[in-house]
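What follows is the residue order along each chain.
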Amino acid sequence: MRIDKWLWAARFFKTRSLATDAVGGGKIKLNGAPTKASRDVRIGDRLDVFNGETRWEVVVRALSEKRGPASEARLLYEETADSIAAREAEQMRRKFETEPASDIHGRPTKRDRRQLDRFGR
């Protein structure tokens with residue numbers, strides 16, 4: 001089964017094209033090595049999945065040709081203990097530490113620029 005189709009069926013990505021783009025962008029590693037979207041995934045393979053700020057290390061436990069409910073999708077893989085601990089630690093860090101630039105999105109508006117000018121004086 002193709003790796004991009006499996007990632008979509010396991011609900012790591014919302015669409016198959018997003019899964020294909022992630023594999024092509026080097027965000028997915030199969031058994032520790034970068035891979036292509038057409039590569040076949042087999043039961044027992046280890047995947048490193050980077051999706052935005054979240055990172056998973058999973059072992060493939062089953063294959064599925066179609067996307068089902070989340071409860072069934074969780075049966076397709078088993079997350080490693082190290083991955084679970086790292087994700088929980090990152091989640092706690094994000095909960096208690098705010099990113100300084102998290103409120104800034106794109107260029108400042110005219111109003112933002114005026115407030116910055118007033119602050120700088």
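Residues numbered from 1 in each chain as written. Predicted model: local features only at pLDDT ≥ 70, side-chain atom pairs only at ≥ 80, totals over all residues. Heavy atoms only, no water.

Draft legend 1. Local environment of the packing of aromatic side chains. Tallying each qualifying case throughout the model produces 4 aromatic pairs. For the pair F12 and Y77, a centre-to-centre distance of 4.9 Å together with 45 degrees between the ring planes defines the contact as tilted. Within this pair, whereas F12 is found in the loop between α1 (3-9) and α2 (16-24), its partner Y77 is found in strand β5 (residues 77-79), the two being separated by 65 residues in sequence. The residues F12 and Y77 share a single accessibility class, namely buried. The rings of W6, F12, W56 and Y77 are connected pair by pair, giving a single aromatic cluster. (Phe/Tyr/Trp six-rings, centres within 6.5 Å; stacked < 30°, edge-to-face > 60°. Helix = DSSP H or I, 4+ residues; strand = E, 2+ residues; numbered from the N terminus. Buried < 20%, exposed > 50% of the residue type's maximum accessible area, 1.4 Å probe, protein only.)

Draft legend 2. Structural view of the sheet that holds β5. Spatially, β2-β1-β3-β4-β5 is the arrangement adopted by the 5 strands of the open sheet, whose pairing is antiparallel. If you trace the sheet from one side to the other, it starts and ends with β2 (33-34) and β5, each paired once. Bridge count for strand β4 (residues 54-60) against β5 is 3 bridges, and the pairing is antiparallel. Paired with V60 across the two strands is Y77, which belongs to β5. (Pairing = 2+ DSSP bridges.)

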